[in-house]
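If you want the building blocks of each chain, they are given just below.
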Amino acid sequence: MADVIAEFLGDGECAVEFEEEKMELVSGKVAEPGHVTPYHLFLAGILACVTMNAGHALEKAGIDAEVTAEVTGEKDWDRLAVTEIEITIKVKLKDDTDPDEARKIAEKGADRCILSRTLGPAIVSKEVVVEREG
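Residues numbered from 1 in each chain as written. Predicted model: local features only at pLDDT ≥ 70, side-chain atom pairs only at ≥ 80, totals over all residues. Heavy atoms only, no water.

## Some remarks on the overall build of the protein chain
Right, so step 1: Regarding its fold elements, the protein chain presents three helices and five strands.
Right, so step 2: Ordered by position in the sequence, the α and β elements of the protein chain form the string β-β-α-β-β-α-α-β.
Right, so step 3: Residues classed as buried in the protein chain amount to 37% of the 134 residues present. (Helix = DSSP H or I, 4+ residues; strand = E, 2+ residues; numbered from the N terminus. Buried < 20%, exposed > 50% of the residue type's maximum accessible area, 1.4 Å probe, protein only.)

Dropping the structure here:
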């Protein structure tokens, strides 16, 4: 299960859903299922940025699509570091756009996220999956 899920709403907006939709911040070391930690907010910020940029790029290209994304991360408690962040962007085409073209546009948009660019490809990996609606 993903730690955070985001959906591009259009016009620079993104909805973010945390585990269990609960917004109580606690330390990751004492968090129980359903609690939101600073780690979740960190992942949510990156995920929202990537999702909004991918969705905006498709929108700007005139492609009608539903864009959602999920993120999972790996922590190293010994080093006190996030070591890996994997983002999957799902593009559901609502028109007859070529899926490969949509994937390239979404990837290019996603790559414009200032947060994931700051961390770099050694930590943040992104995959775009394109399918047709229905």
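## Some words on the packing of aromatic side chains
Right, so step 1: Per the counting criterion, the structure on display carries zero aromatic pairs.
Right, so step 2: Here Lys-75 stacks its cationic end above the ring of Tyr-39, 4.2 Å away from the centre of that ring. (Phe/Tyr/Trp six-rings, centres within 6.5 Å; stacked < 30°, edge-to-face > 60°. Lys NZ or Arg CZ within 6 Å of the ring centre and 35° of its normal.)

## A look at helix H2 (residues 99-110)
Right, so step 1: In a regular helix each residue adds 1.5 Å, so twelve residues correspond to 16 Å; H2 covers 16 Å between its end C-alpha atoms and thus fits that length.
Right, so step 2: Buried positions along H2 lie against helix H1 (38-60), strand E4 (81-93), helix H3 (114-119) and strand E5 (124-132). (Expected span 1.5 Å × (residues − 1). Contact = heavy atoms within 4.5 Å.)

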